[in-house]
Amino acid sequence: MDEAKLREKLSRIEALFAGATTEGERVAAAEARRRIQQRLASVERLDPPMEFQFTLADAWSRKLFLSLLRRYDLKPYRYRGQRRTTVMVKVPKPFVHETLWPEFQQINAAMRAYLDEVTDRIIADVIHGDSSEASEVAAPPQLGPRAIDIGE
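No experiment lies behind these values; they were computed from the predicted model shown. (Residues numbered from 1 in each chain as written. Predicted model: local features only at pLDDT ≥ 70, side-chain atom pairs only at ≥ 80, totals over all residues. Heavy atoms only, no water.)

Colleague: When you look at the pattern of salt bridges in this model, what are you seeing that I'm missing?
Modeller: Oppositely charged side chains can pair when the atoms bearing their charge come close. Considering all chains together, one arrives at two salt bridges under this definition. A salt bridge links Glu 103 to Arg 71; the shortest N-O distance between them is 3.8 Å. Note that Glu 103 is positioned in helix α5 (residues 93-127) and Arg 71 in helix α4 (residues 59-71), a separation of 32 residues in sequence. Residue class for Glu 103 comes out buried when judged on its relative accessible area of 0%. The partly exposed category is assigned to Arg 71, whose relative accessible area is 26%. (Salt bridge = Lys/Arg side-chain N within 4 Å of Asp/Glu carboxyl O. Helix = DSSP H or I, 4+ residues; strand = E, 2+ residues; numbered from the N terminus. Buried < 20%, exposed > 50% of the residue type's maximum accessible area, 1.4 Å probe, protein only.)

Given below as C-alpha coordinates:
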(Lines give C-alpha, C1' and ligand atoms only; values in the text may rest on other atoms or scores of the structure.)
Protein backbone atom coordinates (compact mmCIF):
# COMPACT_ATOMS: atom_id res chain seq x y z
CA MET A 1 0.00 0.00 0.00
CA ASP A 2 1.42 3.40 -0.89
CA GLU A 3 0.75 6.66 0.93
CA ALA A 4 -2.00 7.77 -1.50
CA LYS A 5 -3.90 4.52 -0.93
CA LEU A 6 -3.51 4.90 2.83
CA ARG A 7 -4.91 8.44 2.70
CA GLU A 8 -7.87 7.22 0.62
CA LYS A 9 -8.54 4.37 3.07
CA LEU A 10 -8.43 6.73 6.07
CA SER A 11 -10.91 9.06 4.35
CA ARG A 12 -13.25 6.12 3.71
CA ILE A 13 -13.03 5.10 7.38
CA GLU A 14 -13.91 8.63 8.46
CA ALA A 15 -16.82 8.75 6.01
CA LEU A 16 -18.10 5.43 7.35
CA PHE A 17 -18.27 6.77 10.91
CA ALA A 18 -19.85 10.02 9.73
CA GLY A 19 -22.70 8.05 8.22
CA ALA A 20 -21.94 9.17 4.67
CA THR A 21 -24.41 7.80 2.17
CA THR A 22 -23.19 9.03 -1.21
CA GLU A 23 -19.85 8.83 -2.99
CA GLY A 24 -19.69 12.65 -2.95
CA GLU A 25 -19.90 12.62 0.84
CA ARG A 26 -17.24 9.95 1.06
CA VAL A 27 -14.86 12.14 -0.90
CA ALA A 28 -15.59 15.23 1.20
CA ALA A 29 -13.54 14.54 4.34
CA ALA A 30 -14.33 17.96 5.76
CA GLU A 31 -18.05 17.23 5.48
CA ALA A 32 -17.58 13.89 7.23
CA ARG A 33 -15.69 15.53 10.08
CA ARG A 34 -18.43 18.15 10.43
CA ARG A 35 -21.08 15.43 10.63
CA ILE A 36 -19.19 13.60 13.37
CA GLN A 37 -18.77 16.83 15.31
CA GLN A 38 -22.52 17.45 15.00
CA ARG A 39 -23.21 13.93 16.26
CA LEU A 40 -20.90 14.57 19.23
CA ALA A 41 -22.71 17.82 20.05
CA SER A 42 -26.13 16.12 19.93
CA VAL A 43 -24.92 13.22 22.10
CA GLU A 44 -23.50 15.70 24.65
CA ARG A 45 -26.96 17.26 25.06
CA LEU A 46 -28.45 13.87 26.00
CA ASP A 47 -25.50 12.25 27.75
CA PRO A 48 -23.05 14.57 29.54
CA PRO A 49 -19.32 13.95 29.06
CA MET A 50 -17.59 11.67 31.51
CA GLU A 51 -13.90 11.05 32.08
CA PHE A 52 -12.32 8.17 30.17
CA GLN A 53 -8.83 6.77 30.56
CA PHE A 54 -7.15 5.16 27.56
CA THR A 55 -3.84 3.32 27.66
CA LEU A 56 -2.08 3.15 24.31
CA ALA A 57 0.78 0.72 23.93
CA ASP A 58 3.04 2.61 21.55
CA ALA A 59 3.93 6.14 20.47
CA TRP A 60 2.35 5.73 17.01
CA SER A 61 -1.04 4.77 18.42
CA ARG A 62 -0.89 7.52 21.03
CA LYS A 63 -0.10 10.19 18.42
CA LEU A 64 -2.93 8.97 16.23
CA PHE A 65 -5.42 8.88 19.12
CA LEU A 66 -4.45 12.37 20.31
CA SER A 67 -4.91 13.73 16.79
CA LEU A 68 -8.30 12.04 16.46
CA LEU A 69 -9.44 13.59 19.76
CA ARG A 70 -8.26 17.03 18.70
CA ARG A 71 -9.95 16.65 15.31
CA TYR A 72 -13.27 16.51 17.17
CA ASP A 73 -12.31 19.43 19.45
CA LEU A 74 -11.85 17.13 22.44
CA LYS A 75 -9.17 18.09 24.95
CA PRO A 76 -6.84 15.20 25.83
CA TYR A 77 -4.84 15.40 29.08
CA ARG A 78 -3.16 13.26 31.68
CA TYR A 79 -2.65 13.75 35.38
CA ARG A 80 0.77 14.43 36.83
CA GLY A 81 2.39 11.09 37.58
CA GLN A 82 0.47 9.18 34.91
CA ARG A 83 2.51 7.40 32.27
CA ARG A 84 2.91 8.92 28.83
CA THR A 85 0.91 5.99 27.47
CA THR A 86 -2.17 7.23 29.36
CA VAL A 87 -4.62 9.61 27.72
CA MET A 88 -7.55 11.10 29.60
CA VAL A 89 -10.53 12.79 27.94
CA LYS A 90 -14.03 13.88 28.91
CA VAL A 91 -16.50 12.69 26.31
CA PRO A 92 -20.01 11.17 26.24
CA LYS A 93 -19.97 7.40 26.65
CA PRO A 94 -22.09 6.65 23.53
CA PHE A 95 -19.69 8.67 21.36
CA VAL A 96 -16.74 6.64 22.65
CA HIS A 97 -18.43 3.29 22.01
CA GLU A 98 -20.18 4.09 18.73
CA THR A 99 -17.72 6.39 16.98
CA LEU A 100 -14.42 7.36 18.62
CA TRP A 101 -13.00 3.98 19.67
CA PRO A 102 -14.18 1.97 16.62
CA GLU A 103 -12.88 4.68 14.27
CA PHE A 104 -9.55 4.77 16.11
CA GLN A 105 -9.22 0.98 15.90
CA GLN A 106 -9.81 0.94 12.15
CA ILE A 107 -7.48 3.85 11.44
CA ASN A 108 -4.85 2.39 13.77
CA ALA A 109 -5.02 -0.98 11.99
CA ALA A 110 -4.61 0.72 8.60
CA MET A 111 -1.69 2.83 9.85
CA ARG A 112 -0.02 -0.16 11.52
CA ALA A 113 -0.28 -2.22 8.32
CA TYR A 114 1.25 0.64 6.34
CA LEU A 115 4.07 1.21 8.85
CA ASP A 116 4.80 -2.53 9.05
CA GLU A 117 4.97 -2.76 5.26
CA VAL A 118 7.30 0.26 4.95
CA THR A 119 9.49 -1.00 7.81
CA ASP A 120 9.79 -4.49 6.29
CA ARG A 121 10.63 -3.06 2.88
CA ILE A 122 13.33 -0.72 4.21
CA ILE A 123 14.89 -3.42 6.40
CA ALA A 124 14.93 -5.85 3.47
CA ASP A 125 16.45 -3.24 1.13
CA VAL A 126 19.02 -1.75 3.50
CA ILE A 127 19.82 -4.25 6.25
CA HIS A 128 19.00 -7.84 5.26
CA GLY A 129 16.35 -9.59 3.20
CA ASP A 130 15.25 -11.87 6.06
CA SER A 131 13.47 -9.91 8.76
CA SER A 132 11.43 -12.86 10.02
CA GLU A 133 11.04 -13.61 13.71
CA ALA A 134 13.71 -15.55 15.59
CA SER A 135 13.16 -19.31 15.66
CA GLU A 136 11.83 -20.85 18.83
CA VAL A 137 13.90 -23.57 20.50
CA ALA A 138 13.42 -25.68 23.61
CA ALA A 139 14.75 -24.18 26.81
CA PRO A 140 17.94 -25.79 28.16
CA PRO A 141 17.41 -28.17 31.08
CA GLN A 142 17.53 -26.44 34.43
CA LEU A 143 19.88 -27.65 37.13
CA GLY A 144 18.13 -28.45 40.38
CA PRO A 145 19.24 -27.04 43.73
CA ARG A 146 22.45 -28.60 45.03
CA ALA A 147 23.11 -29.41 48.64
CA ILE A 148 26.29 -27.75 49.84
CA ASP A 149 28.14 -29.32 52.78
CA ILE A 150 29.53 -26.42 54.74
CA GLY A 151 31.48 -28.73 57.07
CA GLU A 152 34.05 -29.71 54.43
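Colleague: I would appreciate a short explanation of the side chain of Ser 61 in the present structure.
Modeller: Take Ser 61: it is sitting in helix α4. The contact partners of Ser 61, leaving out residues within four places of it in the chain, are Leu 56, Phe 104, Asn 108 and Arg 112. (Contact = heavy atoms within 4.5 Å.)

Colleague: Is there a simple way to think about unusual backbone geometry in this case?
Modeller: Note: most residues except glycine have negative phi, and most peptide bonds are trans. We note that Asp 73 has phi near 60°; this positive angle belongs to a residue other than glycine. Overall, Asp 73 belongs to the exposed group, its relative accessible area being 54%.

Colleague: Which parts of the structure should I look at to understand a nonpolar patch on the surface?
Modeller: Residues Ile 122, Ile 123, Val 126 and Ile 127 make up a contiguous nonpolar surface patch of roughly 390 Å² in combined accessible area. In this fold, Ile 123 is placed in helix α5. Residue Ile 123 is classed as partly exposed on the basis of its relative accessible area, which comes to 30%. (Patch = residues over 30% accessible without salt bridge, like charges linked within 9 Å, V, L, I, M, F, W, Y side chains within 5 Å. Areas by Shrake-Rupley, 256 points an atom, 1.4 Å probe, with all protein chains shown as cover.)

Colleague: I'm lost on the environment of Leu 115 in this one. Help?
Modeller: Within the fold, Leu 115 resides in helix α5. Along the sequence, Leu 115 and Trp 60 sit 55 residues apart, while their C-alpha atoms lie 9.5 Å from each other.

Colleague: How should the packing of aromatic side chains be read in this particular structure?
Modeller: Think of a pair of aromatic rings as described by two things: how far the centres are apart, and how the planes are tilted against each other in angle. One pass over the full model with this rule turns up eight aromatic pairs. Seen from their ring centres, Phe 54 and Phe 65 are 4.7 Å apart, and the 55° between their planes marks the pair as tilted. Of the two residues, Phe 54 sits in strand β1 (residues 50-55) while Phe 65 sits in helix α4, which places them 11 residues apart along the sequence. When its relative accessible area of 8% is taken as the criterion, Phe 54 is described as buried. With centroids separated by 5.8 Å and ring planes inclined at 75°, the aromatic side chains of Phe 65 and Trp 101 adopt a geometry described as edge-to-face. Highlighted residues: Phe 65 in helix α4 and Trp 101 in helix α5, separated in sequence by 36 residues. Given a relative accessible area of 27%, Trp 101 falls into the partly exposed group. Taken together, the ring pairs connect Phe 52, Phe 54, Phe 65, Trp 101 and Phe 104 into an aromatic cluster. One residue, Lys 63, lies across the ring of Trp 60, its end atom 5.8 Å from the ring centre. (Phe/Tyr/Trp six-rings, centres within 6.5 Å; stacked < 30°, edge-to-face > 60°. Lys NZ or Arg CZ within 6 Å of the ring centre and 35° of its normal.)

Colleague: Just checking my understanding: could you explain the side chain of Arg 62 for this structure?
Modeller: Locating Arg 62 in the fold gives a position in helix α4. No salt bridge is formed by the buried Arg 62. Its closest oppositely charged neighbour is Asp 58, at 7.4 Å. Setting aside its immediate chain neighbours within four residues, Arg 62 contacts Leu 56, Arg 84, Thr 85 and Val 87. (Lys, Arg positive; Asp, Glu negative; His and termini not counted.)

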